[in-house]
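# Chains, contacts and geometry: an overview
Given next are the chains, with one letter for each unit.
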Amino acid sequence: MRRWIPWSTATARRPEGLFEPGVDAHPVSVAREITRILALPLGEKPFRSVIDFTRSNVEEVNAVNRASAADFLTRMGMGELLRLKR
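Below is a summary of the structure that appears in this document. All figures in this text were calculated on a predicted structure; none of them were measured in a lab.

Rules used in this analysis
- Residues numbered from 1 in each chain as written.
- Predicted model: local features only at pLDDT ≥ 70, side-chain atom pairs only at ≥ 80, totals over all residues.
- Heavy atoms only, no water.
- Salt bridge = Lys/Arg side-chain N within 4 Å of Asp/Glu carboxyl O.
- Helix = DSSP H or I, 4+ residues; strand = E, 2+ residues; numbered from the N terminus.
- Buried < 20%, exposed > 50% of the residue type's maximum accessible area, 1.4 Å probe, protein only.
- Expected span 1.5 Å × (residues − 1).
- Arc of directions from axis to C-beta.

## So, the pattern of salt bridges
All told, the structure shown has two salt bridges when counted by the stated rule. Between glutamate 33 and arginine 36 there is a salt bridge whose closest N-O contact spans 2.9 Å. With glutamate 33 and arginine 36 both in helix H2 (residues 28-39) and three residues apart, this pair spans about one turn of that helix. Taking relative accessible area as the criterion, glutamate 33 reaches 16% and is therefore assigned buried. Its relative accessible area of 42% is what places arginine 36 among the partly exposed residues.

## As for H2
In this model H2 runs 17 Å from its N-terminal to its C-terminal C-alpha over twelve residues, within 8% of the 16 Å that 1.5 Å per residue would give. Those residues of H2 that sit buried are Ser29, Glu33 and Ile37. One side of H2 holds all its buried residues, which, seen down the axis, span an arc of 75°. Turned more than 90 degrees away from the buried face of H2 sit Arg32, Thr35, Leu38 and Ala39, all of them exposed.

This is how it looks when you write it as structure tokens:
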């Protein structure tokens, strides 16, 4: 009979494999990114920002999501929602 290790136990042993050697994945990076975005002028703030130390291709996934949402909103006649009103 095969014995299964609980998911939480198995994953707790693997986080070092997520990062490139020497990467400092410190949570303060998130605070710095928030501060940077808040300092940007109106109209230049990004819709979404990613702090990704894991090389999980989040930016590529977000690009597909943006394109899909833009296509859908445009087809529904709501493309104006994609532009900032001042």
